[in-house]
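# Chains, contacts and geometry: an overview
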Amino acid sequence: KHNMVKAEQHNKRVEKLRKQLHDRVCKEVGDSDIVPRDYPEPYKTKWDKLWEFQDRNANYPFTQKNVEEFIEFCENSNGFTIG
């Protein structure tokens, strides 16, 4: 759980940087609805790096409860494929 809390705090800082970048791009291009996919360079590359800098541990907590729920899902799923 400690790792998850650290990851969440880290991601809040990364999100703040992404928001600052978004605001800067909006101001520069004059489009408040622009999405990161359409950012001009070098902003698109900066956004991609910030996206990769996120800590995924915040999204996938590893707890006993999650494992137990997954076991129950597997037992009741009649099979599944992870692709």
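Above this note sits the structure.
I will try to describe carefully the structure that is included in this document. Worth saying up front: this structure is predicted, and the values here are computed from it rather than measured.

## Section: helix α3 (residues 64-76)
Look at α3: 18 Å from first C-alpha to last across 13 residues, which is about the 18 Å you get at 1.5 Å a residue. Phi turns positive, to about 60°, at asparagine 78, one or two residues after α3.

## What to know about the nonpolar core
Counting 9 residues, the largest nonpolar core consists of Val14, Leu21, Val25, Cys26, Ile34, Tyr39, Tyr43, Trp47 and Leu50. Breaking this core down by element, the ones donating at least two residues are α1 (2-29) and α2 (43-52). If one sorts the elements of this core by residue count, α1 sits on top with 4 residues. Excluding residues within four positions of it along the chain, tryptophan 47 makes contact with Arg18, Leu21, Pro36 and Tyr39.

## Comments concerning the pattern of salt bridges
As enumerated under the stated definition, the model contains 5 salt bridges in all. With a shortest N-O distance of 2.5 Å, arginine 18 and glutamate 15 are connected by a salt bridge. In this pair, arginine 18 and glutamate 15 are both assigned in helix α1, 3 residues apart and thus about one turn of the helix distant. Here aspartate 38 ties to arginine 37 by a salt bridge, and the two come within 3.3 Å at their closest N and O atoms. Residue aspartate 38 is classed as partly exposed on the basis of its relative accessible area, which comes to 42%.

Conventions used here
Residues numbered from 1 in each chain as written. Predicted model: local features only at pLDDT ≥ 70, side-chain atom pairs only at ≥ 80, totals over all residues. Heavy atoms only, no water. Helix = DSSP H or I, 4+ residues; strand = E, 2+ residues; numbered from the N terminus. Expected span 1.5 Å × (residues − 1). Core = buried A, V, L, I, M, F, W, Y, C linked by side-chain atoms within 4.5 Å. Buried < 20%, exposed > 50% of the residue type's maximum accessible area, 1.4 Å probe, protein only. Contact = heavy atoms within 4.5 Å. Salt bridge = Lys/Arg side-chain N within 4 Å of Asp/Glu carboxyl O.

By themselves, these observations are geometric and do not establish any function.
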